[in-house]
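These are the residues of each chain, in order.
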Amino acid sequence: MNKKHNFSAGPCILPQEVFEKSAQAILDFNGIGLSLLEISHRSKDFVAVMDEARAIVKRLMNLGDDYEVLYLGSGASMQFAMVPYNLMKVGGKAAYLDTGTWAAGAIKEAKKLGTVDVVGSSKEENYSFIPKNYTVGSEYDYFHCTSNNTIYGTQMKTFPEVDTLMVCDMSSDIFSRQLDFSKFDLIYAGAQKNMGPAGVTLVVIKKEILGKTGRENMLSMLDYSQHISKESMYNTPPVFPIYASLLTLQYLEKNGGIAAAEQRNEAKAKLLYDEIDSNPLFETFCVKEDRSLMNVSFKITDESKKEAFDNAWKAAGISGLNGHRSLGGYRASLYNALPIESVQVLVDVMKSIK
């Protein structure tokens with residue numbers, strides 16, 4: 001197969017090994033004569049998958065038994081509602097940082113369940129930077145931020161000290177860099193950006209923060225405690241995406257873990273940003289200090305060269321480079337599984353446009 005250089009923002013590129021093992025599991029899972037797609041999620045074969053898929057997250061993040069790991073359906077957007085439903089007290093309020101489209105979506109949903117204060121926003125500047133110099137006090141039930149913004153190409157390089165719970169949407173940069181994950185009380189991430197196929201969302205949550213909202217008769221499917229009590233199988237889980245995510249995390253673990261992935265990602269980002277900064281035909285949409293290591297959003301400065309550039313990168317076997325429809329331009333997503341060789345192909349194409 002003529003494999004493309006896949007810069008898609010999601011669903012993401014995955015290691016070839018993951019594709020091969022996933023394909024085999026669809027045909028015959030663990031040599032049992034049944035496909036992964038047809039076995040019971042209560043069978044010992046899949047229970048073992050779920051147990052390890054939850055355990056490996058805590059190993060990679062260096063978290064203890066005070067945290068629980070869930071794999072839930074409905075995408076990260078469901079967490080826009082589940083977070084305030086489980087953490088915002090009745091009559092309470094939460095603080096949100098507005099750094100892009102997905103952060104704005106989380107704010108919109110939270111406002112339906114209580115009071116939301118936007119403590120910082122870069123909306124008026126088209127989300128070209130990460131807001132700073134804001135404070136979050138103890139009057140809030142929690143603080144919510146989005147670590148990486150796929151559309152605008154910005155990323156939080158540091159996280160604030162807050163006097164409340166810290167919640168973070170890490171959908172597009174989870175497992176890409178070293179962080180003190182114990183600093184966060186709840187982390188969620190759609191798998192399809194950096195750890196697996198679409199169809200499952202990872203939630204990592206400190207158990208002690210639950211059950212304090214004063215909300216009675218909670219809807220079971222929206223209650224984290226219900227999912228925890230059933231070991232992430234309160235209902236039939238998305239079996240295939242969980243298995244593929246496990247394979248991806250196993251690949252990450254055996255190839256040096258998050259620390260090694262961070263080094264590779266920094267090298268890829270430097271290669272591409274150095275070309276953008278030195279080539280007058282290209283420029284990024286955001287300020288330099290907040291540039292994302294995962295999603296490089298950029299534009300061409302001479303529209304008369306656009307057709308030549310588009311033809312060149314397509315001819316080079318590059319896929320998924322078009323920018324988000326709301327921003328335009330181009331977007332190169334440098335997720336964990338993307339080899340630096342693919343970035344070099346893109347850089348060579350950029351150099352060739354005169």
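Look up: the structure comes first, before these words.
Residues numbered from 1 in each chain as written. Predicted model: local features only at pLDDT ≥ 70, side-chain atom pairs only at ≥ 80, totals over all residues. Heavy atoms only, no water.

Participant: Got a minute to help me understand the sheet that holds strand E5 (residues 142–146) in this structure?
Facilitator: Spatially, E2-E10-E9-E8-E5-E3-E4 is the arrangement adopted by the seven strands of the open sheet, whose pairing is mixed. The sheet is open, and its two edges are formed by strand E2 (67–72) and strand E4 (115–121), each paired on a single side. On average, each strand axis in the sheet is tilted by 15° relative to the strand beside it, whichever way the strands run. Along the sheet, helix H4 (residues 101–110) makes contact with strand E3 (93–98), E4, E5 and strand E9 (186–190), crossing E3 at roughly 160°. (Pairing = 2+ DSSP bridges. Helix = DSSP H or I, 4+ residues; strand = E, 2+ residues; numbered from the N terminus. Axes fitted to C-alpha atoms, helices over the stretch in contact; angles between N-to-C directions. Contact = heavy atoms within 4.5 Å.)

Participant: What should I look at first to understand the packing of helix H2 (residues 44–61) against helix H6 (residues 239–254) in this one?
Facilitator: Helix-helix packing: each pair is described by the crossing angle between the helix axes and the interaxial distance. Orientation of H2 relative to H6, taken along the N-to-C sense of each, is 45°, at an axis distance of 9 Å. Taken together, H2 and H6 sit at an angle that is classed as oblique. Both H2 and H6 take part in a crossing whose hand is left-handed. Counting all contacts with H2, which are made through Phe46, Val49, Met50, Glu52, Ala53, Ile56, Val57, Arg59 and Leu60, the residues of H6 involved are Val239, Ile242, Tyr243, Leu246, Leu249, Gln250, Leu252 and Glu253. Considering only residue class, the contact of H2 with H6 consists of 13 nonpolar, one polar and three charged. (Parallel < 35°, antiparallel > 145°, perpendicular 65-115°, else oblique. Left-handed = near helix turned anticlockwise from the far one by under 90°. Nonpolar A, V, L, I, M, F, W, Y, C, P; charged D, E, K, R; others polar.)

Participant: In this structure, what is going on with the side chain of Asn86? I would like to understand it.
Facilitator: Within the fold, Asn86 resides in helix H3 (residues 75–87). Asn86 sits in the buried class, given a relative accessible area of 3%. Here the side chain of Asn86 touches Leu222 through a polar contact of 2.7 Å, landing on its backbone oxygen. (Buried < 20%, exposed > 50% of the residue type's maximum accessible area, 1.4 Å probe, protein only. Polar contact = N/O pair within 3.5 Å; in protein donor to acceptor, adjacent residues only side chain to side chain.)

Participant: Before we go on, may I ask you to explain the environment of Met170 in this structure?
Facilitator: Structurally, the position occupied by Met170 is in the loop between strand E8 (165–169) and E9. Judged by relative accessible area, which is 2%, Met170 ranks as buried. Excluding its chain neighbours within four sequence positions, the residues that come into contact with Met170 are Ser147, Leu179, Phe181, Phe184, Ile187, Tyr188 and Ala189.

Participant: Help me understand the nonpolar core, please; the structure alone is not making it clear to me.
Facilitator: If you look at soluble globular proteins, the nonpolar side chains tend to sit buried side by side. Ranked by internal contacts, the top residues of the largest apolar core, which has 83 residues, are Val57, Tyr71, Phe175, Leu272 and Phe309. In contact with Phe309, not counting residues within four places along its chain, are Phe282, Phe298, Ile300, Leu321, Tyr330, Leu346, Val349, Met350 and Ile353. (Core = buried A, V, L, I, M, F, W, Y, C linked by side-chain atoms within 4.5 Å.)

Participant: Is there a simple way to think about the pairing of E2 in this case?
Facilitator: On a regular strand, each side chain points to the face opposite its neighbour's, so the side chains alternate between the two faces of the sheet. Along E2, six of the six residues are buried, which leaves the element largely enclosed by surrounding structure. With burial as the criterion, each face of E2 is covered, one bearing Tyr67, Val69 and Tyr71 and the other bearing Glu68, Leu70 and Leu72. Inspection of the sheet shows E2 paired to strand E10 (residues 201–206) by six bridges, in the antiparallel sense. When the bridges of E10 are listed, Leu70 appears paired with Val203.

Worth remembering: the numbers are spatial, not functional.
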